[in-house]
Amino acid sequence: MPRITLPDGSLRRYDQAPSVAEVAADIGPGLARAALAGRVDGRLVDTDFRISGDAELAIVTARDAEGLEILRHSTAHLLAQAVQELFPGAQVVIGPVIEDGFYYDFAYERGFTPQDLKRIEARMKELARADLPLSHETMARDDAVEHFRSIGERYKAEIIAGIPKDEPITLYGQGGWKDLCRGPHVPSTGRLKAFKLTGTSGAFWRGDSSNEQLRRIYGTAWADSKSLKSYLKRLEEAAKRDHRRIGADLDLFSIQEEAGGGLVFWHPKGARIRRVIEDFWRDRHQRAGYELLFTPHIALEGLWQRSGHAGFYRESMYSPVEDEGRGYQLRPMNCPFHILIYRDRLRSHRELPMRWAELGTVYRREMSGALHGLMRVRGFTQDDAHVFCAEEQIEDEILRILDLALEVFGAFGFEEFSTVLATRPEKAAGAEAIWERATRALESALKRKEMKFALDPGGGAFYGPKIDIKIRDAIGRQWQCSTVQLDFNLPERFGLEYVAADGSRRRPIMIHRALLGSLERFFGILIEHYAGRFPFWLAPVQIAALAITERQEAYARRVSGTLKKAGFRVECDLRSETIGYKIRHHTLQRVPCLLVLGDREEREGAVAVRSLEAGDLGSMPLDDFMARVTAEGLGSLQGISENQLPGGHQYRSKEADSSQRRN
RNA sequence: GCCGGAAUAGCUCAGCUGGUAGAGCAACGCAUUCGUAAUGCGUAGGUCGUCAGUUCGAAUCUGACUUCCGGCACCA
């Protein structure tokens, strides 16, 4: 007499063990149709599972996250079935659920083409329409291995052979086709209504590039076609933010085939943004107690041998350039240079901590297939810094770095982070005790900052533990930017010392840290985060002055001249075009603030303001406009609100000063 | 680097099975002088990614290379 408790607390009694499907049908026909699986006492089961004793039961539908996963998993099976029907000889490998979809790997003599994909998808639709019931059976492990081996599925056989002996092996199948699977699955293929194959790829067996290449097919599956459509829409929207697209449209940067892949050309408008970022960055670093350095881009090979890079980092380094019998190495990192400055003379404990920062351009060999817009390049500028400190200073220094990181990210509109603390790996430099103490210092700093973090045990570099910070952008994607790494190794290799209070020589700890990561990559992230609609303080063109007719040419020049003198980045549009055309043009260029200048404005010494975000804001005297965009934050102008930086510092007006000095 | 795809004007793309290039937008010129997301007309712009090959003839077919795109692997 099983008593079944449902999630709402209600109780149902049965004379004999009912299946999940039967209970669902008892509750209602709608639920029966929607039931994909059951959760019995916390365990996911198929709908034909019989509940023999008292239990808690939840009917799993596509509205549950796990229901959606089951749906996707079953769709992956459907894909495998279709592929094996259409391409005899294709072996199945694995077909897991991933974010928003699934993939299935096959071993096949050739890759699948987009045309193949169409055929496969069509076959999948047929199989779904046929509403084939899914069945499952349990097999002894050795029998299962034998079964798959006998039908030529060598990868499956190998996978099963790797499953612990005592675990039962289940096979799921439909329409005469079978696959190894833990389950559960949807009751019949008719439940699979909204799916689409999205792409193909090569993939390596067991994820190792020295292994055989497999053929992967990606797909997505949803509870209904509406969700599928909205997912595809979401992809489209994300594609519109693509920094490569926007970078070209707004004339921000390019990659030149003639120069080689992975090398970034910053066009004037991109360079303006970079300059604002850099100026801001320098300013905040100086305030935070950093000294700013410049160091060379190449150095003798011997330096890289001493630092160890010539060994463990060789793969990523360009070959040295020979001159007068000596080899010069293009730098892939900045740290050895900062170390040389440290070691240039004897240091006292009174000088510590020393915080040295540099916007250091480095070059790394990246495999051609890895290059991607600004996100993965071969030459890039790190916002690098090295802090040399005593062991007991670590915690405070980490805290200061975290403070600075959050401040800087906040200014760019990033408020959400995910943080990982990575600890000692198997093979590590430095005594265990110091690792222990240093890791505790990192942890304590994170706690004092009240930053949530995940632990990655053994994930640290061999030379020290680290904290990685990922930022979350406007559409929820995460980007790895900051890394804060302790280093017990380089101070050792270079024999760094300082004179302690008691006169003894001691070894400093080194902290490597980058906040934005690389300027190129961060710029790419910024473009996508803002979809090219940069806040006022970053916009390459902040204000466009648009003359309605040629009569206002002199006035438009005067207005833009005044604004330029005040430090704004202004463009003056005197073309013989309609005002509608100019507005459209500068709107598409994402200029945050447009000034429409006609006879009326000229007569009154006024400007008609139109903001990118809020549209027409009406006319106001130029002086008022200037006061409102310069003084108490541009936020007093409705719709232009992102120009004031956190912390009450008005960065733009500082920039105005420096631009006046430049004049 | 690996798998698959792509490369035609600054951009987006057309160009059927081989007969030596076309549109829209952008640019430039002229006309127009206009009030909040596209005024009209005209001009110019291409060794069809590069190099070989097949062919009487190649943007079109073949191969190699380069670059880019989607992934894998790498990176963090």
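Scroll up for the structure.
Residues numbered from 1 in each chain as written. Chains lettered and ligands numbered in written order. Predicted model: local features only at pLDDT ≥ 70, side-chain atom pairs only at ≥ 80, totals over all residues. Heavy atoms only, no water.

## So, the overall build of chain A
Next, step 1: Along chain A, the regular secondary structure elements total 21 helices and 33 strands.
Next, step 2: Seen through its C-alpha atoms, chain A measures out along the principal axes to roughly 85 × 75 × 55 Å.
Next, step 3: Looking at chain A as a whole, 50% of its 663 residues qualify as buried.
Next, step 4: Pairs at least 24 residues apart make up 67% of the contacts formed inside chain A by residues separated by at least 6 positions. (Helix = DSSP H or I, 4+ residues; strand = E, 2+ residues; numbered from the N terminus. Buried < 20%, exposed > 50% of the residue type's maximum accessible area, 1.4 Å probe, protein only. Contact = heavy atoms within 4.5 Å.)

## Side note on the pairing of strand 25 (residues 478-487)
Next, step 1: Most of strand 25 is tucked away, with seven of its 10 residues classed as buried.
Next, step 2: Inspection of the sheet shows strand 24 (residues 466-472) paired to strand 25 by seven bridges, in the antiparallel sense. When the bridges of strand 25 are listed, Arg472 appears paired with Gln478.
Next, step 3: A loop of five residues connects strand 24 with strand 25, the two strands running antiparallel in sequence, and Gly476 in this loop sits at a positive phi of about 85°. (Pairing = 2+ DSSP bridges.)

## Considering the packing of aromatic side chains
Next, step 1: Following the criterion strictly, the structure yields 27 aromatic pairs and no others.
Next, step 2: Measuring from centroid to centroid gives 5.1 Å for Trp222 and Tyr231, while their planes differ by 35°, and the two rings are tilted.
Next, step 3: Take Tyr231: its relative accessible area is 9%, and that puts it in the buried class.
Next, step 4: Summarising the aromatic geometry, the rings of Phe409 and Phe417 are spaced 5.7 Å apart at their centres and angled 45° between planes, so their arrangement reads as tilted.
Next, step 5: Using a relative accessible area of 1% as the deciding quantity, one classes Phe409 as buried.
Next, step 6: Judged by relative accessible area, which is 26%, Phe417 ranks as partly exposed.
Next, step 7: In textbook terms, an aromatic cluster arises when at least three aromatic residues are bridged by ring pairs, as seen for Phe280, Phe409, Phe412, Phe414, Phe417, Phe522 and Trp537.
Next, step 8: Here the basic side chain of Arg72 rests over the ring of Trp222, its NZ or CZ set 4.4 Å away from the ring centre.
Next, step 9: Taking the ring centre of Tyr342 as reference, the NZ or CZ of Arg347 above it sits at 5.5 Å. (Phe/Tyr/Trp six-rings, centres within 6.5 Å; stacked < 30°, edge-to-face > 60°. Lys NZ or Arg CZ within 6 Å of the ring centre and 35° of its normal.)

## Details of the protein's contact with RNA strand B
Next, step 1: Around RNA strand B, 52 residues are found, and the nearest of them are Gln213, Ser368, Glu550, Ser576 and Arg584.
Next, step 2: At a separation of 3.2 Å, a base oxygen of RNA strand B approaches a polar backbone atom of Asp599.
Next, step 3: The contact in question runs from a sugar or linking oxygen of RNA strand B to an N or O atom on the side chain of Arg610, over 2.9 Å.
Next, step 4: When residues of the surface near RNA strand B are traced back to their parent elements, those giving at least two are strand 12 (194-204), strand 13 (213-222), helix 8 (243-249), strand 25, helix 18 (579-588), helix 19 (599-604) and strand 32 (606-611).
Next, step 5: Here the element with the most residues in the surface near RNA strand B is helix 18; it accounts for seven residues.
Next, step 6: Tallied by class, residues from the surface near RNA strand B come to 14 nonpolar, 22 polar and 16 charged. (Near = heavy atom within 4 Å. Polar contact = N/O pair within 3.5 Å; in protein donor to acceptor, adjacent residues only side chain to side chain. Nonpolar A, V, L, I, M, F, W, Y, C, P; charged D, E, K, R; others polar.)

## Notes on the nonpolar core
General note: in soluble globular proteins, nonpolar side chains tend to be found buried as a group.
Next, step 1: With 66 residues, the main nonpolar core has Ile398, Phe412, Phe534 and Leu538 as its most contacted residues.
Next, step 2: Per-element tally for this core: the top contributor is helix 13 (residues 394-411), with 10 residues.
Next, step 3: Excluding its chain neighbours within four sequence positions, the residues that come into contact with Phe412 are Ile277, Phe280, Leu516, Phe522, Leu526, His529, Tyr530, Trp537 and Leu538.
Next, step 4: Residues Leu79, Ile120, Leu132 and Ala221 belong to the second largest nonpolar core, which totals 39 residues. (Core = buried A, V, L, I, M, F, W, Y, C linked by side-chain atoms within 4.5 Å.)

## Notes on the sheet that holds strand 19 (residues 326-330)
Next, step 1: Strand order in the open sheet formed by three strands is 17-19-18, and the pairing between neighbours is antiparallel. Because the sheet does not close on itself, it has two edges, and the strands there are strand 17 (298-300) and strand 18 (321-323). Between one strand axis and the next, the sheet turns by 35° as a mean value, whatever way the strands run.
Next, step 2: As defined by bridge partners, strand 18 adjoins strand 19 across three bridges and the pair is classed as antiparallel. Among the inter-strand pairings, Asp323 is bridged to a residue of strand 19, identified as Arg326. (Axes fitted to C-alpha atoms, helices over the stretch in contact; angles between N-to-C directions.)

## Some details on the pattern of salt bridges
Next, step 1: Summed over all chains, the structure comprises 48 salt bridges.
Next, step 2: Note that Arg141 is salt-bridged to Asp142, the shortest N-O span being 3.7 Å.
Next, step 3: With relative accessibility at 16%, the residue Arg141 sits in the buried group.
Next, step 4: Taken together, the salt bridges that share partners define one network made up of Arg274, Arg275, Glu278, Asp279, Arg282 and Glu520. (Salt bridge = Lys/Arg side-chain N within 4 Å of Asp/Glu carboxyl O.)

## A closer look at the packing of helix 5 (residues 141-150) against helix 6 (residues 154-161)
Each pair of packed helices can be described by the angle between their axes along with the distance between the axes.
Next, step 1: Orientation of helix 5 relative to helix 6, taken along the N-to-C sense of each, is 165°, at an axis distance of 8 Å. Classified by the angle between their axes, helix 5 and helix 6 sit roughly antiparallel to one another. In the packing of helix 5 onto helix 6, the handedness of the crossing is left-handed. Where helix 5 abuts helix 6, its residues Arg141, Ala144, Val145, Phe148 and Arg149 lie against Lys156, Ala157, Ile160 and Ala161.
Next, step 2: A per-class count over the contact of helix 5 with helix 6 returns six nonpolar, no polar and three charged. (Parallel < 35°, antiparallel > 145°, perpendicular 65-115°, else oblique. Left-handed = near helix turned anticlockwise from the far one by under 90°.)

## Considering helix 20 (residues 622-630)
Next, step 1: Buried within helix 20 are the following residues: Leu622, Phe625, Met626 and Val629. End-on, the buried residues of helix 20 take up no more than an arc of 100°, which puts them together on one face. (Arc of directions from axis to C-beta.)

## A short note on the sheet that holds strand 10 (residues 169-174)
Next, step 1: Pairing within the open sheet is antiparallel, and its three strands lie in the order 9-10-11. Bordering the open sheet on either side are strand 9 (134-139) and strand 11 (177-180), each of which pairs with just one other strand. Averaged over all neighbouring strand pairs, the angle between strand axes comes to 25°, with direction disregarded.
Next, step 2: The pairing of strand 10 with strand 11 spans four bridges and is classified as antiparallel.

## Notes on the packing of helix 9 (residues 268-287) against helix 13
Next, step 1: Viewed as axis vectors pointing N to C, helix 9 and helix 13 meet at an angle of 150°, and their least axial separation amounts to 11 Å. When the axes of helix 9 and helix 13 are compared, the pair comes out roughly antiparallel. Relative to helix 13, the crossing made by helix 9 is right-handed. Taken together, the residues of helix 13 that come into contact with helix 9 (itself represented by Phe280, Arg284 and His285) are Leu404, Glu407, Val408 and Ala411.
Next, step 2: When its residues are assigned to classes, the contact of helix 9 with helix 13 shows four nonpolar, one polar and two charged.

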